[in-house]
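Below, each chain spelled out in residue letters.
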Amino acid sequence: MTASVLDRPAAPPNGGPAARRAVIRWAWRLLRREWRQQLLVLALITVAVAATVLGAGVATNAPPPAGAGFGTADHLVTLPDRADVAAIAQRFSPVDVIENQPLPTGLAGSAQLRAQDPGGAYGRPMLALVSGRYPSGPAEAAMTAQLAAALGLRVGDIWPGPAGTRRVVGVVENPQNLLDEFALVAPGQLAHPGEVSVLFDAGAADTAGFTFPPGAVPLTPTPPPGVSPEFIVLALAVVGLIFIGLVATAGFTVLAQRRLRALGMLSALGATDRHIRLVMRTNGTLVGGLGALAGAVIGVAAWTVYAPRYSVSVNHRVSWTSLPWWLVTAAMVLAVATATLAARRPARTIARVPVVSALSGRPAPVKATHRSIRLPLALLIAGPVMLFFSGGWGSRSTTQQLLQLGGLAASAAGLMYIAPVVVGMLGAIAGWAPFTSRVALRDLARYRSRSGPALAASSFAVLIAVLVALISTGRFTDSVDYVGPNLPHDQLIVYAPGDDPADHGPSPATPQANTDPKAAAAAIADALGSNDVLALDSVRGGLAQCRGGAQEICGSNGKLYVATPELLSHYGIGPNDIASGTQLLTSRPHLTGLSGLKLVGFALDQFGNGIDNPRIQTTDRLPTGTSQPNLLVTQQAVDALKLEVTSAAAWLIQLPQPLTATQINSARQIAVRSGLTIETSSQQPSLDEVRNYATATGVLLALGVLAMTVGLIRSETAGDLRILAATGARRRTRRTLTAVTAGALGTLAAILGTAVAYLATVAFFRSQLSERMSQPPWLDLLLVVVGLPVAATLGGWLFAAGEPATMAHAPIE
């Protein structure tokens, strides 16, 4: 009998799939055990994905819906009456006819009495039923919720409207325009409509071959923008994930250092360098996957809750399902890729550590590396150059917008690559500092693998904050088309018939016989308990700014009040306070010095004669609300333009306390009986508030990154701190080390971020530097350049008081 021994099958190289599965399971167990150390990176990825999902919903639904105002039709023609509807219907059948008649409400703005078929061929997207039912008979009507609330009506109430008494049977809305206030009646119930809209489908040749009535021009929907909002959100998400990748790189590097002995033990058991790298990459993939999944769930949930509120902000109905799902998927994939790539560099570094050094807990000495400054300088130059050739503010073409996005991305990348170079320079200047500060600065230079990405992330947060501050400051907005809060909560404006700035013609209200507008305004003030009433005289004119040509009007404001003695006295402005020759008196910032300004007079809604570069005097005594008398024309300018002055065109009523809903309704009822309209506070935030919020957010974000970085660096230098403590170093030394570390990073972040932001801003607004750079946002810049380093230094000093447990003995894993 012969016996033979079979050879053992050769083991696959590197352990094969079984070894990889074992390493992956081990990485998962480590993640579950040390999830607290990775909580910051996980939270940042979660927030980034959630913000991308929410931002995608906001950006995608911010523009009006495709075909807004046209329903599903591709043509719209507006007629003054029904006379030519039959001919258009015969030529372009089928058509959808919507009839409107002005409806007086007593509030600033317009409302319509509308006859529309809810089942029309094209207008169904422009009409939706919120509650109740549609009107079907001559004695029924439905209203928008805002109009019903203004009139104090509910479903089932009787409405004594201008076209007869009707019962309110439902609440309706225009989903494509929530600002469209109207009362809906059944088709054919308007005897004399003031405007008839006809919706139809037709080709260009058909409309060109048909003769429309005089003044009736067929309109088509506005084409979509060249660059989609989804693309812009995706570009911003990529930039944000770059920021997170920088923080994640620092976090994974410290995590690798914490796992050094465990990884050394794994190597001693036969794991190869590839397996060690796989541990770190798997950890990054798992963190990115968990963060992406959590962020997507949170983002979709937040968008579902926010979508109804956002509908009010964008003034059209938004559904929670209107998300670009491809963008949500792309954001999740990018988040996983970002975390995986962030773990690659620490994985390569830790795999090169010898097994003996890893088991002893001592990493290999850091090798001196030379980082070339050519690449970051090239990117920092390329970014502003792309912004310079992007066309500046208001660019519309796809190429220009791509150049703008590319310029911002190049500037951010240059900031990322130059941060480690700048941190490395700290070691060269540390010799001039005291001993404790010298140790802190040299630690920053020695551990630049952590401090470099953290400095880049903090600088990026400062860059965004300063960019927002610069763009939203007065010099970076259109000073002619003034925006902001209209009125404070304790003021109300009463407009005379036909002077409501939100209407485009005479008021449709029919005042009672012998009604005196001045007496009606006084009655409103008396009902509100106020005797502070200021009459405002107005002229039909405006201020315009021309750029690119003498006839090109880039922005205009068509509401001018006259600087009467009573108005000036009300605000404490005496005759001697106005310089001789002044033509405009204003509280608006930055109007003086703008080029291309023209004071114009309006005649039949057309620009008439004007005064080029009028003499403007700025005063802080006038109010700044957009509906308040913030821009006054002097009598000299009135005479020069031969403007017709409307006496008592409006009345500004000052109350001793904020207006209540009951007071507003009482004032509205008096106004509608007298043919007047009123305007109250719109609660719109000012640009200063937006700028300050953005600056504070950027500073807090930078401080958070600095806090994490200082903790990482100090944890790696715990051995050095133990040696210092053993040699007699006191608590003050530890405080100084942490404070100098945080303060140095905060100072560098403030300088780098602000410098890159100014480079980008100067390049972008290169044609308007004299106008836009003369009034920097000093408060916001002071908060960033001085406040960030001071807060970082004080925070480091205060939070370094305690002695960590690892100070007393070396950690054992």
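Turning our eyes to something else, we now look at the overall build of the protein. Along the backbone of the protein there are 24 helices and 21 strands. Here the protein holds 813 residues, and the buried ones make up 47% of them. Intrachain contacts of the protein at a sequence separation of at least 6 include 82% that bridge at least 24 residues. Accessible surface computed for the protein: about 39300 Å², of which carbon and sulfur atoms make up 60%.

What follows concerns a nonpolar patch on the surface. A cluster of nonpolar residues, Ile 373, Leu 377, Ile 381, Val 385, Phe 388, Phe 389 and Met 425, forms a patch on the protein surface that exposes about 640 Å² of accessible area. Tracing the chain through its elements places Leu 377 in helix H11 (residues 374-388). With relative accessibility at 39%, the residue Leu 377 sits in the partly exposed group.

What follows is about the nonpolar core. Counting residues in hydrophobic clusters, the biggest one holds 40 residues, and the most contacted among them are Leu 441, Leu 444, Leu 455, Leu 463, Val 466, Val 784 and Leu 788. Among the elements that make up this core, the one with the highest residue count is helix H22 (residues 731-764) (13 residues). Aside from chain neighbours lying at most four places away, what touches Val 466 is Thr 754, Ala 757, Leu 781 and Val 784. Judged by nonpolar contacts, the second largest core, of 22 residues, contains Ile 45, Ala 307, Val 318 and Ala 339.

The next subject is the side chain of Thr 582. Position of Thr 582 among the secondary structure elements: in the loop between helix H17 (565-570) and strand S15 (584-586). Taking relative accessible area as the criterion, Thr 582 reaches 6% and is therefore assigned buried. Among the polar contacts listed, one links the side chain of Thr 582 to the backbone oxygen of Ala 579, at a separation of 2.8 Å. Discounting chain neighbours no more than four positions away, the residues touching Thr 582 are Arg 615, Gln 617, Thr 634 and Gln 636.

For any two aromatic rings, the description comes down to two numbers: the centre-to-centre distance and the angle of the planes. This model, assessed by the stated rule, comprises nine aromatic pairs. An angle of 40° between the planes, with centres 5.5 Å apart, marks the rings of Tyr 306 and Tyr 310 as tilted. Taken together, the residues Tyr 306 and Tyr 310, both in helix H8 (residues 273-314) and four residues apart, mark about one turn of the helix. Joined through ring pairs, the aromatic side chains of Phe 92, Phe 200, Phe 210 and Phe 212 make up one cluster. Note that Arg 91 overlies the ring of Phe 92, its terminal NZ or CZ placed 5.2 Å from the centroid. Of note, Arg 114 hangs over the ring of Phe 182, and the distance from its end group to the ring centre comes to 4.3 Å.

Let us now look at the pattern of salt bridges. Enumeration over the complete set of coordinates arrives at six salt bridges. We note a salt bridge from Asp 180 to Arg 114, for which the minimum N-O separation is 2.7 Å. Placement of the pair is Asp 180 in the loop between strand S7 (164-173) and strand S8 (182-185) and Arg 114 in strand S3 (residues 112-115), with a sequence separation of 66 residues. Neither Asp 180 nor Arg 114 differs from the other in exposure class; each is buried.

An order of S18-S15-S19-S14-S11-S20-S10-S21 is seen for the eight strands of this open sheet, with the pairing classed as mixed. Because the sheet does not close on itself, it has two edges, and the strands there are strand S18 (616-618) and strand S21 (677-679). Taken pair by pair, the neighbouring strands of this sheet meet at an average axis angle of 35°, ignoring direction. Pairing of strand S11 (residues 532-539) with strand S20 (residues 645-654) involves seven bridges; the strand directions are antiparallel. Residue pairing in the sheet places Ala 535 in a bridge with Trp 651 of S20. Where helix H16 (residues 517-527) meets the sheet, it contacts strand S10 (491-495), S11, S20 and S21, and its direction lies at approximately 5° from that of S20. Against the sheet, helix H19 (residues 661-674) contacts S10 and S21, and its axis sits at roughly 155° relative to S21.

So, on to the side chain of Gln 116. Looking at the secondary structure, you find Gln 116 in the loop between S3 and strand S4 (128-132). Engagement of the side chain of Gln 116 in a polar contact is seen with the backbone oxygen of Gly 123, the distance being 3.2 Å. Those residues in contact with Gln 116 that sit more than four places away from it in its chain are Ile 98, Gly 123, Met 126, Leu 127, Leu 184, Val 185 and Pro 187.

Time to look at unusual backbone geometry. Note that the residue after Ser 93, namely Pro 94, is joined by a cis bond; omega there is 0°. Topologically, Pro 94 is positioned in the loop between helix H3 (85-91) and strand S2 (95-102).

On to the environment of Ala 330, then. Of note, Ala 330 is situated in helix H9 (residues 325-351). Given the relative accessible area of 21%, Ala 330 is considered partly exposed. Separated by 281 residues in the primary sequence, Ala 330 and Val 49 have C-alpha atoms spaced 9.8 Å apart.

Moving on: the packing of H16 against H19. Each pair of packed helices can be summarised by the angle the axes make with each other and by the distance between the axes. At a minimum axis distance of 9 Å, the contact between H16 and H19 shows a crossing angle of 165°. With respect to H19, the element H16 is oriented roughly antiparallel. When you trace H16 past H19, the crossing you get is right-handed. Contacts from Ala 520, Ala 523, Ile 524 and Ala 527 of H16 reach H19 at Ala 667, Ile 670, Ala 671 and Ser 674. In the contact of H16 with H19, the residues fall into seven nonpolar, one polar and no charged.

On the surface, a cluster of positive charge is made up of Arg 20, Arg 21, Arg 25, Arg 29, Arg 32 and Arg 274. Checked against the element boundaries, Arg 21 lands in helix H1 (residues 16-33).

This part is about the pairing of S10. Most of S10 sits inside the fold, with five of its five residues counted as buried. Here S10 shows no split at all, with Gln 491, Ile 493 and Tyr 495 on one side and Leu 492 and Val 494 on the other all buried. Examined bridge by bridge, S10 and S20 share five bridges and lie antiparallel to one another. Each bridged residue has a counterpart across the sheet, and for Ile 493 the counterpart in S20 is Leu 652. Bridge analysis of S10 against S21 gives three bridges, and the strand direction is antiparallel. When the bridges of S21 are listed, Ile 493 appears paired with Glu 679.

With that out of the way, let us pick up the environment of Leu 147. Considering the arrangement of structural elements, one finds Leu 147 in helix H4 (residues 145-151). Judged by relative accessible area, Leu 147 falls into the buried class, the value being 4%. Along the chain, Leu 147 and Asp 180 lie 33 residues apart, while their C-alpha atoms are 9.7 Å from each other. Apart from residues lying up to four places away in sequence, Leu 147 is in contact with Leu 103, Thr 105, Ala 111, Glu 181, Phe 182 and Ala 183.

Below, the discussion takes up helix H14 (residues 435-446). With twelve residues, H14 should reach 16 Å at 1.5 Å per residue; the first-to-last C-alpha distance of 16 Å fits that figure. Taken together, the buried positions of H14 are occupied by Thr 436, Ser 437, Ala 440, Leu 441, Asp 443, Leu 444 and Ala 445.

So, on to the confidence of the model for the protein. Averaged over all residues, the pLDDT of the protein is 76; the fraction at 70 or higher stands at 74%. Here strand S13 (residues 553-557) stands out as the element of the protein with the lowest mean pLDDT, 43, in contrast to strand S5 (residues 140-144), whose mean of 92 is the highest. Note that pLDDT drops below 50 for residues 502-514; the model gives that stretch 18 contacts with residues more than four away or on any other chain. Residue range residues 548-556 is modelled with pLDDT below 50. Its contacts to residues more than four positions away, or to other chains, number 22 contacts.

The subject of this paragraph is the packing of H22 against helix H24 (residues 778-798). It is at 7 Å that the axes of H22 and H24 come closest, and there the two elements cross at 160°. When the axis of H22 is compared with that of H24, the two are roughly antiparallel. Here the hand of the crossing between H22 and H24 comes out right-handed. Its residues assigned to classes, the contact of H22 with H24 comprises 13 nonpolar, eight polar and two charged.

What counts and how
Residue numbering note: each chain is counted from 1, following its sequence as written. Side-chain atom pairs in this predicted model are given and counted only at pLDDT of 80 or more, local residue features only at pLDDT of at least 70, and totals for whole chains, interfaces and linings cover all residues. For side-chain calculations, the full set of non-hydrogen atoms in the structure is used, while hydrogens and water are omitted. Helical segments are the DSSP runs of H or I of at least four residues, strand segments are the runs of E of at least two, and each set is numbered from the N terminus. Three exposure classes are used, based on accessible area relative to the maximum for each residue type with a 1.4 Å probe and protein chains only: buried under 20%, partly exposed in between, and exposed over 50%. In what follows, residue pairs with any heavy atoms lying within 4.5 Å of each other are defined as contacts. Exposure was quantified through the Shrake-Rupley algorithm and a 1.4 Å probe, taking into account, for residues, occlusion by the shown protein chains and nothing else. Patch building starts from residues that exceed 30% relative accessible area and form no salt bridge, then joins like charges within 9 Å and nonpolar side chains (Val, Leu, Ile, Met, Phe, Trp, Tyr) within 5 Å. By convention in these notes, a salt bridge is any Lys or Arg side-chain nitrogen within 4 Å of a carboxyl oxygen on Asp or Glu. Each nonpolar core is a collection of buried residues, namely Ala, Val, Leu, Ile, Met, Phe, Trp, Tyr and Cys, held together in the definition by side-chain atoms within 4.5 Å. Whenever two N or O atoms come within 3.5 Å, that pair is a polar contact, provided that in protein one can donate a hydrogen and the other can accept it, and provided that, for residues adjacent in sequence, both atoms are side-chain atoms. Here a Phe, Tyr or Trp ring, Trp counted by its six-membered ring, pairs with any other such ring whose centre lies within 6.5 Å, and the pair is stacked when the planes are under 30 degrees apart, edge-to-face when over 60, and tilted otherwise. Should the NZ of a Lys or the CZ of an Arg lie within 6 Å of a ring centre and within 35 degrees of the ring normal, that charge is described as sitting over the ring. By definition, two strands form a pair when at least two bridges between them are found by DSSP. Geometry is summarised by axes, namely lines fitted to C-alpha atoms with helices restricted to the contacting stretch, and by angles between N-to-C directions that run from 0 to 180 degrees. Comment on the angle field: the value is read as roughly parallel under 35 degrees, roughly antiparallel over 145, roughly perpendicular from 65 to 115, and oblique elsewhere. In this scheme the crossing of two helices becomes right-handed for a clockwise turn of the near helix relative to the far one and left-handed for an anticlockwise turn of less than a right angle. Think of it as three bins: nonpolar holds Ala, Val, Leu, Ile, Met, Phe, Trp, Tyr, Cys and Pro, charged holds Asp, Glu, Lys and Arg, and polar takes everything else, Gly as well. In this tally Asp and Glu are treated as negative and Lys and Arg as positive; neither His nor the chain ends contributes. By convention, the charge on Lys lies at NZ, on Arg at CZ, on Asp at CG and on Glu at CD. A helix is expected to reach a length of 1.5 Å times the quantity of its residues less one. One number per residue, pLDDT, summarises how confident the predictor is, and it ranges from 0 to 100.

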